[in-house]
Amino acid sequence: MKIKVLFTSIMMLAAVSLFAQEENAPVKKYGFKSAIAKYTTDMMGQKVESTTYIDEYGAKECQKVKLDIPGMGSMESGSITKEGKIWSVNYTMKQVQEVEINPEDQPNLLDPTEEQQKKFKIKSVGKEKFLDLDCEVYTLETEAQGITAKLKVWAYKGFALKTITEASGMVITSTATEFKEDAVVLPQVFDVPKY
C-alpha cells in the first residue's frame, strides 16, 4: 500500500511539474529550446532522483524517476509529454498509461495570461538566484486527480528549478542539482515504450 501511495505521489509530482503544452503551439512553454535537469526530491523523508529532458521549447518533455524502496529494490518510472498527451510509464513493471491533456488547464510560467493568473492563483513573490540563474519566484495552485496542490516555484525562463508542493498533508520539495540549457537531447528519449 505504501508503495502504491508513493508511486501515486511521484506521478502527481510529475503531472504537476510537467505543465504540458501541445506540439507546435503558438506559445512557448519555456524561454529555451532544450535542456536537461537533474533533481533530488524529498517526499515524506524518501529521497527520489529524477532527470527531466526538454526539447522544442517544452512541446516535448520526459521525466525519468528512480526510487529505491527498502527491502524491494529500485523502481523506475516517469512521464513523457508530447502531442498534447502525457504517458505515465512504469519501466520496472512495464506499464504505460496514456492521458489526454488540455493545454488550457496547465499554467505557463514563462508568460502567464491574466486568465491563467486568476485560475491558478499565480502570484509573483520576488526574484532569487538559484543554481546561479535569475529566477522568478511564484506561488500558485493546481488540481490533479481531485487533489489541490499549493506550490512555491523558482522558475528560470518559465522552467521550475525548485518547487515546494503542499498537497493532502504532504510536503514535497524538488530541487534541481544540475541544469544544462540548450543541451543536446536525443529524440528517442521521447519514445513511448510499447509493452
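Each value, and the rule that gives it
- Residues numbered from 1 in each chain as written.
- Predicted model: local features only at pLDDT ≥ 70, side-chain atom pairs only at ≥ 80, totals over all residues.
- Heavy atoms only, no water.
- pLDDT = per-residue confidence, 0-100.
- Contact = heavy atoms within 4.5 Å.
- Salt bridge = Lys/Arg side-chain N within 4 Å of Asp/Glu carboxyl O.
- Helix = DSSP H or I, 4+ residues; strand = E, 2+ residues; numbered from the N terminus.
- Buried < 20%, exposed > 50% of the residue type's maximum accessible area, 1.4 Å probe, protein only.
- Phe/Tyr/Trp six-rings, centres within 6.5 Å; stacked < 30°, edge-to-face > 60°.
- Lys NZ or Arg CZ within 6 Å of the ring centre and 35° of its normal.
- Pairing = 2+ DSSP bridges.
- Axes fitted to C-alpha atoms, helices over the stretch in contact; angles between N-to-C directions.

Asks: I'd like a description of the confidence of the model for the protein, backed by residues and values.
Replies: Taken residue by residue, the protein gives an average pLDDT of 85. The fraction at 70 or more is 86%. Segment residues 1-26 is flagged for pLDDT under 50; beyond a separation of four residues in sequence, or across chains, it makes 61 contacts in the model.

Asks: Can you lay out the pattern of salt bridges for me, pointing to particular residues and giving the numbers?
Replies: Summed over all chains, the structure comprises 10 salt bridges. When the shortest N-O distance is used, the salt bridge between Glu-98 and Lys-85 registers 3.3 Å. In this pair, Glu-98 sits in strand 6 (residues 95-100) while Lys-85 sits in strand 5 (residues 85-90), placing the two residues 13 residues apart along the sequence. According to the relative accessible area criterion, Glu-98 is partly exposed, its value standing at 43%.

Asks: Break down the packing of aromatic side chains for me, with residues and values.
Replies: Aromatic rings considered in pairs are described by the distance between their centres and by the relative angle of their planes. Scanning the entire structure with this criterion turns up eight aromatic pairs. Centre to centre, the rings of Tyr-30 and Phe-159 are 5.2 Å apart; their planes meet at 90 degrees, and the pair counts as edge-to-face. Separated by 129 residues along the polypeptide, Tyr-30 in the loop between helix 1 (2-17) and strand 1 (35-43) and Phe-159 in strand 10 (residues 159-167) bring together distant segments of the chain. Each member of the pair, Tyr-30 as well as Phe-159, is classed as buried. Directly above the ring of Tyr-57 sits Lys-28, whose terminal nitrogen or CZ lies 4.1 Å from the centroid. Over the ring of Trp-154 we find Lys-162; its NZ or CZ atom is 4.6 Å from the centre of that ring.

Asks: Outline the environment of Val-153, listing residues and values.
Replies: For Val-153, the position within the fold is in strand 9 (residues 147-156). Taking the C-alpha atoms as reference points, Val-153 and Ser-124, 29 residues apart in sequence, are found 9.5 Å from one another. Dropping the residues within four chain positions of it, Val-153 is found in contact with Leu-109, Glu-136, Val-137, Tyr-138, Leu-140, Ala-160, Lys-162 and Thr-163.

Asks: Before we move on, can you summarise the environment of Leu-140 with the specific residues and values?
Replies: Checked against the element boundaries, Leu-140 lands in strand 8 (residues 133-144). Assessed through its relative accessible area of 3%, Leu-140 is described here as buried. Along the backbone, Leu-140 and Phe-120 are 20 residues apart, and their C-alpha atoms lie at a distance of 5.6 Å. When sequence neighbours within four positions are dropped, the list of residues in contact with Leu-140 reads Pro-107, Leu-109, Phe-120, Lys-121, Ile-122, Ala-149, Lys-150, Leu-151 and Val-153.

Asks: Lay out the sheet that holds strand 4 (residues 73-82) with the relevant residues and their values.
Replies: A sheet is described by the order of its strands in space; here 11 strands give the open sequence 6-5-4-3-2-1-11-10-9-8-7, paired in antiparallel fashion. Both edges of this open sheet fall to strand 6 and strand 7 (123-130), since each of them pairs with a single strand only. With strand direction ignored, the average angle separating the axes of adjacent strands in the sheet is 20 degrees. Strand direction decides the pairing type here: strand 7 and strand 8, joined by seven bridges, are antiparallel. The residue of strand 8 that forms the bridge with Lys-127 is Glu-136.

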